[in-house]
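Residues per chain, in single letters:
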Amino acid sequence: MPASSRVLSLLHLLQGREWATGPELAEQLEIDLRMLRRDVVRLQDLGIPVESRLGRYGGYRLRPGYRLPPLMLTDDEATAVALALRAAQRSGLGLSAPAIEAALAKIRRVLPSRLSEDIQHLEASLAFADSGPERETVAAVTLLSLARAMTAQRRIRIGYSARDRAATSRDIDPYGLVVIRGRWYLAAFDHVKQDLRSFRVDRITAIEQLGLPALVPAGFDATAFVEQTLARVPWGWEIQVVTAASAADVRATLPGTLAELRETGSSTIVRFQAANLDGAARMLAAMPWAFEVRAPEELADALRSHALRLLEAATSAR
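Just so it is clear, the model here is predicted, and its values are computed rather than measured.

A. Examining the overall build of the protein chain more closely. Within the protein chain, the secondary structure is distributed over 11 helices and 11 strands. Computed over the C-alpha atoms, the radius of gyration of the protein chain is 28 Å, more than 25% above the 20 Å expected from 2.2 N^0.38 for a compact globule of 318 residues. Along the first, second and third principal axes, the C-alpha atoms of the protein chain reach 85 × 65 × 40 Å. Split into buried and exposed, the 318 residues of the protein chain put 37% on the buried side. For the protein chain, the proportion of contacts with a sequence separation of at least 24, taken over those separated by at least 6, is 60%. Here the protein chain contributes 40 positively and 37 negatively charged side chains, and the mean placements of these two sets differ by 4 Å.

Written out as structure tokens, the structure is:
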């Protein structure tokens, strides 16, 4: 382990402990006592008050009341943070680009020049083949306010811009934050609608914590609920088919945001919304199992047309 990483590891071990003996620290760092003493001196030379005590109950500790600098990272940790920030930006996670760039700039300023240059070269060489589409950014203050309310299990009042841009006010019990394809959603109980709802976090314009408890149902799965909500968004056609496969097998082909599944014996009912029947036919044709169309009747024509196109392609390839 490089000396700089080892010294930071020693500092980490000393945090939150009254006294740690030399043999204990040396064993955890996998070094001998002589090297441990040198590392203690390195910390003291940096102005970090490491105190030592001789004797049977001796050892090392940080001086009581001493506050560590807010950020001390090893090379591996700094690289991980920088790459995570860049990945969040390029994968369409909906976080503020200026905030990410500012955070990266601060990290680079405290890194050794060699490491800072290496990380910039690595960032420049990265390509994200699965980058999501451009998403509306979400303010960090909004996410933190929601997190505080959920941790305290408190009801909140939010200002919300609906799909038609109409401004509304809702009293809700927040249950969970979910990120799907780079967009943030909040699963919550809406006291105006008296029902569970999924809210786009980028459309939340204000948050006020109320003095009432938020009762979260036991075992509530926020991710499954939001996926189900998205699968029910009306797109023009409601498709329903039955396939001879288990729900687990179908789910591996059709994500929860796309279709609702209900297993019945050895079959699974698949229900989803589609903007057009041609797209629905192409999606169903990708399933490796036989299926029966329940609704709508017009889907049969779209499937025939798609089958003919596939047959023509297969014939021309001979």
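B. Structural context of the sheet that holds strand β3 (residues 154-161). On the basis of which strands lie adjacent, the open sheet formed by 5 strands has the order β6-β5-β4-β3-β7 and antiparallel pairing. Across the chains shown, the open sheet's two edge strands, defined by having one partner strand only, are β6 (195-200) and β7 (204-213). Taking the axes of each pair of neighbouring strands and ignoring which way they run, one obtains an average angle of 45° across the sheet. As judged from the 8 bridges shared by strand β4 (residues 167-180) and strand β5 (residues 183-190), these two strands associate in the antiparallel manner.

C. Looking closely at the packing of helix α1 (residues 3-14) against helix α3 (residues 33-45). With their axes 10 Å apart at the nearest point, α1 and α3 run at an angle of 85° to one another. Here α1 lies roughly perpendicular to α3, going by the angle between them. Counted together, R6, V7, L10, L11 and L14 of α1 and M35, L36, D39, V40, R42 and L43 of α3 form the full contact between these two elements. Here the residues of the contact of α1 with α3 are counted per class, giving 8 nonpolar, no polar and 3 charged.

D. The pattern of salt bridges, seen in detail. In total, this model carries 12 salt bridges according to the counting rule given. In this structure, D173 engages R155 in a salt bridge whose closest nitrogen and oxygen atoms are separated by 3.1 Å. Here R155 lies in strand β3 and D173 lies in strand β4, a separation of 18 residues in the sequence. The residues D173 and R155 share a single accessibility class, namely buried. With its nearest N and O atoms 3.6 Å apart, the salt bridge here joins E238 to R271. Separated by 33 residues along the polypeptide, E238 in strand β8 (residues 237-243) and R271 in strand β10 (residues 267-274) bring together distant segments of the chain. For R271, a relative accessible area of 27% translates into the label partly exposed.

E. Highlighting helix α6 (residues 113-125). For α6, spanning 13 residues, the distance from its first C-alpha to its last is 19 Å, which sits close to the expected 18 Å at 1.5 Å a residue. Among the residues making up α6, those that are buried are L115, S116, I119 and E123. Buried residues of α6, seen end-on, are gathered within an arc of 100° and therefore sit on one face of the element. In this structure, α6 carries S113, H121, A124 and S125 as exposed residues pointing more than 90 degrees from its buried face.

F. The side chain of S161, seen in detail. Within the secondary structure layout, S161 lies in strand β3. Classification of S161 by relative accessible area gives buried; the value is 16%. Leaving out residues up to four positions away in the same chain, S161 has contacts with A166 and R203.

G. Highlighting unusual backbone geometry. A295 connects to P296 through a cis peptide bond whose omega is -5°. With respect to the secondary-structure elements, P296 resides in the loop between β11 (291-295) and α11 (299-316). Its identity is not glycine, yet E30 carries a phi of approximately 60°, on the positive side. Checked against the element boundaries, E30 lands in the loop between α2 (22-29) and α3. Notably, Q194 is not glycine yet its phi reads approximately 55°, a positive angle. You can see Q194 is positioned in the loop between β5 and β6.

H. Examining the packing of α1 against α2 more closely. In the contact formed by α1 and α2, the axes pass within 11 Å of each other and the chain directions differ by 130°. Taken together, the axis directions place α1 and α2 in an arrangement best described as oblique. The two elements α1 and α2 cross, and the hand of that crossing is right-handed. Counted together, R6, S9, L10, L13 and L14 of α1 and L25, Q28 and L29 of α2 form the full contact between these two elements. Taken together, the residues of the contact of α1 with α2 break down into 5 nonpolar, 2 polar and 1 charged.

What counts and how
Residues numbered from 1 in each chain as written. Predicted model: local features only at pLDDT ≥ 70, side-chain atom pairs only at ≥ 80, totals over all residues. Heavy atoms only, no water. Helix = DSSP H or I, 4+ residues; strand = E, 2+ residues; numbered from the N terminus. Rg over C-alpha atoms; globule rule 2.2 N^0.38 Å. Buried < 20%, exposed > 50% of the residue type's maximum accessible area, 1.4 Å probe, protein only. Contact = heavy atoms within 4.5 Å. Lys, Arg positive; Asp, Glu negative; His and termini not counted. Charge placed at Lys NZ, Arg CZ, Asp CG, Glu CD. Pairing = 2+ DSSP bridges. Axes fitted to C-alpha atoms, helices over the stretch in contact; angles between N-to-C directions. Parallel < 35°, antiparallel > 145°, perpendicular 65-115°, else oblique. Nonpolar A, V, L, I, M, F, W, Y, C, P; charged D, E, K, R; others polar. Salt bridge = Lys/Arg side-chain N within 4 Å of Asp/Glu carboxyl O. Expected span 1.5 Å × (residues − 1). Arc of directions from axis to C-beta. Left-handed = near helix turned anticlockwise from the far one by under 90°.

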